[in-house]
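So the chains spell out like this:
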Amino acid sequence: MIRFRLELADLAATSFAYSPLQETVLSLRLWTGHATRLPHVRVLAAGMRPAFEQLPDRELLTSLVARSRYWVPDLLTPRPPSPRTRHPGGVRRPARHRPGPPSTRPGADLPPAGRAAPAPARRRTAGPGPLLADIADALEAYWNACLLPRWPRIRSALESDLAHRARTLAEHGAGHLFSGISERLTWGDGVLSIQRSGPWPDDATDIPIDGRRLLLTPSCFVDGVSTMLGPDAPPHIVYTTRGLAVLGESAAPPVPRTLELLLGRPRAQLLALLAEPASTTELAHRLNVSPPAVSQHLSVLAAAGLLERTRHGRHVHYRQSSLGAALHTTSCRSGRPSTQ
């Protein structure tokens, strides 16, 4: 068991974020036999496979995560510097890692639990080019070929998760917030406990936060919850994001006929999609229409009181209002889906 000890100020400073770099690295598990068992992620992986198999550095990429389904180099999954990190800057970050103590030097944490580094990584270290520069180049190529075309859908799931956690904290408090993330997380008496899984010791590890700010990040490519390997690393918990069904969807969900007759098909589709928050760009991607067309329909639905708007940085996210949710739910109960 891992126990994070939080003072009141530590709890107040605890925050959430998501990281495109983290998703890029963790998604490599899809190709190593340690893939997630979640069906919607497997659908996503099937679409990515042809592009992945064309990458020249596949062996190097998979060697980074092939040793264990429980281990990924901490160096390649740093805490994101902001709540909503963007590419390509994040994927280049490891290549700019500066020399430091042995535990922080390039490649120092690549082998888990004292094992030898993977063969592709060892071969790279023999040359004059720094290992992490090679890894960063390979990750960037992988991101551009496999993740970037699907990022609007992945980001939609992550954004929805962050919005849900914010509502849970506001309405129910920290206890419900943490227990809702995973059954392996428990909160009480200023201690956030994580029940270990995998080949780790059963004895408890106490980690005081001591003002270092605990960060929680959702991911589409992990099962359950995990954290950093060393107690001296910045405190960071990664957990499975909710709403993963969006990853396997290529279009709008079925729309009740009564709702379509009332609102028209485009607006009924948008209302059905917005059971979870999404931006104009994400909705346009889902429906394969232009963002201006989506924006026009969203303005009408918001003016009618069926949607709520929330700004997150430079993005505006829409979701069903209580009136919109009631209308959608009632329509689903009373009307059959449209097949047009």
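Here, every reference points to the structure presented above.
The following refers to the structure shown.

Reading guide: rules and limits
- Residues numbered from 1 in each chain as written.
- Predicted model: local features only at pLDDT ≥ 70, side-chain atom pairs only at ≥ 80, totals over all residues.
- Heavy atoms only, no water.
- Helix = DSSP H or I, 4+ residues; strand = E, 2+ residues; numbered from the N terminus.
- Contact = heavy atoms within 4.5 Å.
- Polar contact = N/O pair within 3.5 Å; in protein donor to acceptor, adjacent residues only side chain to side chain.
- Axes fitted to C-alpha atoms, helices over the stretch in contact; angles between N-to-C directions.
- Parallel < 35°, antiparallel > 145°, perpendicular 65-115°, else oblique.
- Left-handed = near helix turned anticlockwise from the far one by under 90°.
- Nonpolar A, V, L, I, M, F, W, Y, C, P; charged D, E, K, R; others polar.
- Pairing = 2+ DSSP bridges.

**Regarding the environment of Arg 58**
Structurally, the position occupied by Arg 58 is in helix H4 (residues 58-63). Considering only alpha carbons, one finds Arg 58 and Leu 28, 30 residues apart in sequence, at a separation of 9.5 Å. Sequence-distant contacts of Arg 58, defined by excluding residues within four places in its chain, comprise Phe 52 and Glu 53. Of the polar contacts made by the side chain of Arg 58, one reaches the backbone oxygen of Glu 53; its length is 2.7 Å.

**Quick word on the packing of helix H3 (residues 39-52) against helix H7 (residues 131-147)**
At their nearest, the axes of H3 and H7 sit 9 Å apart, and the two run at 130 degrees to each other. By the angle between their directions, the pair H3 and H7 is classed as oblique. Once H3 is placed against H7, the crossing between them reads as right-handed. Residue-level contacts link Met 48, Ala 51 and Phe 52 of H3 to Tyr 142, Ala 145, Cys 146 and Leu 147 of H7. Looking at the contact of H3 with H7 residue by residue, the class counts come to seven nonpolar, no polar and no charged.

**Notes on the sheet that holds strand E8 (residues 236-240)**
Spatial strand order, E2-E6-E8-E7: four strands in an open sheet with mixed pairing. Either end of the sheet is taken by a strand with one partner, and the two such strands are strand E2 (15-16) and strand E7 (225-227). Examined bridge by bridge, E7 and E8 share three bridges and lie antiparallel to one another. Directly across from Thr 227, in E8, lies its bridge partner Ile 237.

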